[in-house]
Amino acid sequence: MEKLIVKGGTRLEGTIPTSGCKNAVLPIAVAAAILGDGVSVLHNVPNLTDVNTLCAVLEGLGATTKLKNSTLYIEPINHLEYEAPYELVRKMRASIYVLGPLVAKLGKAKVSFPGGCAIGPRPIDLHIRGLEHLGADVTVQQGYIYAQAERLTGTEMYLMGQHGPSVGATANIMMAATLAKGTTVIRGAAREAHISDLAHFLNAMGADIEGIGTSVLTIRGVKHLHGTEHSVISDDIEAGTFMVAGAITNGDVYVEGITERQLPAVSEKLVEAGVELDWDNNGVRVTTPRELRGIDVTTEPFPGFPTDMQAQIMGLLCLASGTSVISENVHTDRFIHAAELNRMGADIMLDGSKAVITGVSKLSGAPVMASDLRAGAVLVAAGMAAAGETVVSRVYHIDRGYESLEEKLNNIGANITRVND
Ligand code: UD1
């Protein structure tokens, strides 16, 4: 298994580019492969394990995919299979995105029930409830979700769960509703930029979706969707990670290819902690002219502070003066990285869905383990700021969602080497 050796005490300086948004590509590729009647060409697609895993799922259903130079060609399925087996779905929870589109297109689907993961149990009741609202008959047997409906029928539904809107359920039901009979109104829809990007893509395929970017989506069903060409938005979480990496190394970094409206809460919180951000049309310059100070952060659905940036801001706050409190309201037990940061000399105490961080003056390198994608990113960032050497294992988590992470960071002053065990 591969590891990253991060030499600490480096300062990042220079321009770092942002890749395409993983969480946008995944549902867009599903829509292109299952709902479209012709070839789609997607630009700005990152070369990530998650994207390759999804392509394998789509190939398993009968599609043809080819990713080259950030462009993903998808030839949809002529003879569509309706079953997504456990061996493929278990590799990535986002495979659940095939459920709604398969029922919409074929009238039936058999998709392996996704398992839990390192950031909690992650139910899919809202995906199932949404499909039932559209008239599908859904049962769970022997680890599989079976759904069928001759033709889905538009309706009004409230799709909010106990932790707020669901990105995945909104995407799944929105995709299904594009081919339903009549009009569907989803209230309590997720408003993340990647949901809007998916909606714009579906409209370019011939769908009729209104209310994009708001919590009420109105989808008028159409009979067919065609292939199209689309450039995927840039990855807000990757850009946010680079902003934290710049700040934690006391660097001077220009994060290219991101806009302030994609990261409103992250920008606000970084500034509150003492980081200076200078935005222009194409990115942001990140500097840290003064000592960092502790702040309180609560994760929420967009436009609130994203749970996918919680680990990274925790790493930064380890080195801020005073006490910080992070409340994790989306994935309430997503804190495995706290113990790893403590191994590097941080002072983090967990109390249910809260983490209390007392700032320390320095971190020291240690062997640590990435427990999920974003946890992996914070360990690399903390390793760059720490004294000595940090060895991050389980790098495959990082490769799921960061394209060429060490190359990009090394280009602006990091010292990170990938080694095989
Ligand atoms: C997506 C992102 C993930 C991010 C998360 C929250 C992708 C591929 N992944 O995950 O990186 O951390 O959004 O921004 O885009 N919930 C239910 N029932 C459901 C579905 C979700 O109760 O049927 C709960 C979840 O447990 C969680 C909250 O709703 O507490 C939000 O989850 P959701 O937005 O669905 O996350 P994902 O789409 O899985």
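Residues numbered from 1 in each chain as written. Predicted model: local features only at pLDDT ≥ 70, side-chain atom pairs only at ≥ 80, totals over all residues. Heavy atoms only, no water.

## Considering the pairing of strand 13 (residues 183–187)
Move 1: Alignment of strand 10 (residues 156–158) against strand 13, held across three bridges, turns out to be parallel. The residue of strand 13 that forms the bridge with E156 is V185.
Move 2: Note that strand 13 and strand 15 (residues 216–220) share five bridges and pair antiparallel. Within strand 15, the position partnered with T184 by the bridge is I219. (Pairing = 2+ DSSP bridges. Helix = DSSP H or I, 4+ residues; strand = E, 2+ residues; numbered from the N terminus.)

## Description of the nonpolar core
Move 1: Among the nonpolar cores identified, the biggest contains 78 residues, and I34, L58, V98, L131, L152, M174 and L202 are the most heavily contacted of them.
Move 2: No other element matches the eleven residues that helix 1 (residues 22–35) contributes to this core.
Move 3: When sequence neighbours within four positions are dropped, the list of residues in contact with L202 reads A31, L35, M174, M175, T178, A207, I209 and L225.
Move 4: Residues A247, V255, L292 and M384 belong to the second largest nonpolar core, which totals 68 residues. (Core = buried A, V, L, I, M, F, W, Y, C linked by side-chain atoms within 4.5 Å. Buried < 20%, exposed > 50% of the residue type's maximum accessible area, 1.4 Å probe, protein only. Contact = heavy atoms within 4.5 Å.)

## Points about the site of the ligand
Move 1: Taken together, 18 residues are adjacent to the ligand, and D125, L126, S166, D308 and V330 come closest.
Move 2: At 2.4 Å, a backbone N or O of V330 approaches an oxygen atom of the ligand.
Move 3: In isolation the ligand exposes 740 Å². Once the protein is present, 88% of that is buried.
Move 4: For the shell around the ligand, the secondary-structure elements that each account for two or more residues are helix 5 (125–133) and helix 6 (167–178).
Move 5: A per-element tally of the shell around the ligand places helix 5 first, with three residues.
Move 6: Among the residues making up the shell around the ligand, the classes are represented as seven nonpolar, seven polar and four charged.
Move 7: Of the domains in this structure, domain 1 (2–19 + 234–420) and domain 2 (22–231) are the two that each give at least three residues to the shell around the ligand. (Near = heavy atom within 4 Å. Polar contact = N/O pair within 3.5 Å; in protein donor to acceptor, adjacent residues only side chain to side chain. Areas by Shrake-Rupley, 256 points an atom, 1.4 Å probe, with all protein chains shown as cover. Nonpolar A, V, L, I, M, F, W, Y, C, P; charged D, E, K, R; others polar. Domains from an automatic or database assignment.)

## Quick notes on helix 11 (residues 336–343)
Move 1: By the burial criterion, the buried members of helix 11 are H337, A338, E340 and L341. Viewed along the axis of helix 11, the buried residues span an arc of 165°, placing them on a single side of the element.
Move 2: G345 sits one or two positions beyond helix 11 and adopts a positive phi of about 105°. (Arc of directions from axis to C-beta.)

## Some thoughts on the sheet that holds strand 1 (residues 2–7)
Move 1: Pairing is mixed across the open sheet formed by four strands, whose spatial order is 24-25-1-26. Looking at which strands have only one partner, the edges of the open sheet turn out to be strand 24 (367–369) and strand 26 (416–420). Between one strand and the next, the sheet's axes are offset by a mean angle of 25°, whatever the strand orientation.
Move 2: The sheet contact formed by strand 1 and strand 26 spans five bridges and is antiparallel. Note that in strand 26 the partner of V6 across the bridge is I416. (Axes fitted to C-alpha atoms, helices over the stretch in contact; angles between N-to-C directions.)

## A short note on the packing of helix 1 against helix 6
Move 1: Two numbers describe how helix 1 lies on helix 6: the axes approach to 11 Å, and their chain directions differ by 25°. The orientation of helix 1 relative to helix 6 falls into the category roughly parallel. In terms of crossing hand, the pair formed by helix 1 and helix 6 is right-handed. Between helix 1 and helix 6, the contacting residues are P27, V30, A31 and L35 on the first element and A171, M175 and T178 on the second.
Move 2: Split by residue class, the contact of helix 1 with helix 6 holds six nonpolar, one polar and no charged. (Parallel < 35°, antiparallel > 145°, perpendicular 65-115°, else oblique. Left-handed = near helix turned anticlockwise from the far one by under 90°.)

## Digging into the packing of aromatic side chains
Move 1: Summed over the entire model, instances satisfying the criterion amount to zero aromatic pairs.
Move 2: The ring of Y82 has K108 sitting right over it, with the charged end atom 4.2 Å from the ring centre. (Phe/Tyr/Trp six-rings, centres within 6.5 Å; stacked < 30°, edge-to-face > 60°. Lys NZ or Arg CZ within 6 Å of the ring centre and 35° of its normal.)

## A look at the packing of helix 6 against helix 7 (residues 193–204)
Move 1: Orientation of helix 6 relative to helix 7, taken along the N-to-C sense of each, is 10°, at an axis distance of 10 Å. Between helix 6 and helix 7, the crossing angle belongs to the class labelled roughly parallel. Within the contact between the two elements, helix 6 uses V167, T170, A171, M174, M175 and T178 and helix 7 uses H194, I195, L198, A199 and L202.
Move 2: Of the residues assigned to the contact of helix 6 with helix 7, the class counts are eight nonpolar, three polar and no charged.

## Some remarks on the environment of T18
Move 1: Turning to its location among the elements, T18 is positioned in the loop between strand 2 (13–17) and helix 1.
Move 2: Residue classification places T18 among the buried positions, given a relative accessible area of 13%.
Move 3: If we ignore the near neighbours within four places in the chain, the residues touching T18 are S234, D235, E238, A239, V255, E256, G257, I258 and K408.
Move 4: A polar contact of 2.7 Å, which involves the side chain of T18, links it to the backbone oxygen of E256.

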